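So the chains spell out like this:
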Amino acid sequence: TGRMSGNGFGWGQLSHLLAFVFHVGGLCPTHAFAHTTLSERSGADLSVAAVITCSNGASIALSGSAAVPGNAHEAAGGQLGKYVS
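Residues numbered from 1 in each chain as written. Predicted model: local features only at pLDDT ≥ 70, side-chain atom pairs only at ≥ 80, totals over all residues. Heavy atoms only, no water.

(A) Inspection of the nonpolar core at higher detail. Counting 10 residues, the largest nonpolar core is built from Leu14, Leu18, Phe22, Leu27, Val48, Ala50, Ile52, Cys54, Ile60 and Leu62. Elements represented by at least two residues in this core include exactly α1 (9-25), β2 (45-54) and β3 (59-65). No other element matches β2, which puts four residues into this core. Ignoring sequence-local partners within four residues, the contact set of Ala50 consists of Phe33, Ala34, Ile60, Ala61 and Leu62. (Core = buried A, V, L, I, M, F, W, Y, C linked by side-chain atoms within 4.5 Å. Buried < 20%, exposed > 50% of the residue type's maximum accessible area, 1.4 Å probe, protein only. Helix = DSSP H or I, 4+ residues; strand = E, 2+ residues; numbered from the N terminus. Contact = heavy atoms within 4.5 Å.)

Here it is in structure tokens:
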């Protein structure tokens, strides 16, 4: 279809983090509320926020974003450098 529905930040990145947390923590999710922001261009999710409750009473709050400030697709150096300290 040309759309990337299901192929964005939540699917490609957060799925790995959550699998690790559930497995290592021995957690079983029972309820979840999530909100995503989708790319107008591709339909992929660019940012995700969620609250997850687990069967043992634990709550997980998470958020993440794949968005880059500015226009990453412009011809004249749209990509921004990344600095981690």
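Now, onward.
(B) Local environment of the confidence of the model for the protein chain. In the predicted model, the protein chain carries a mean pLDDT of 78, and 64% of its residues have values of at least 70. Within the protein chain, strand β1 (residues 29-38) carries the highest mean pLDDT (92), whereas α1 carries the lowest (84). (pLDDT = per-residue confidence, 0-100.)

(C) Just the pairing of β2, in detail. Examined bridge by bridge, β1 and β2 share nine bridges and lie antiparallel to one another. Bridge pairing in β2 links Pro29 to Cys54. Taken together, β1 and the strand that follows it, β2, pair antiparallel across an intervening segment of six residues, in which Gly43 is found at a positive phi of about 85°. With seven bridges connecting them, β2 and β3 associate as antiparallel partners. The residue of β3 that forms the bridge with Val48 is Gly64. Hairpin connection between β2 and β3: a loop of four residues separates the two successive antiparallel strands, and Gly57 in this loop has a positive phi of roughly 95°. (Pairing = 2+ DSSP bridges.)

(D) Spotlight on the environment of Phe33. Topologically, Phe33 is positioned in strand β1. Its relative accessible area of 61% is what places Phe33 among the exposed residues. What Phe33 contacts, discounting residues up to four positions off in sequence, is Ala49, Ala50 and Val51.

(E) Representation of the environment of Ala34 in the model. As for its position among the elements, Ala34 is in strand β1. Taking C-alpha positions, Ala34 is 8.4 Å from Ile52, a pair spaced 18 residues apart along the chain. With sequence-adjacent residues up to four places away left out, Ala34 is seen in contact with Ala49 and Ala50.

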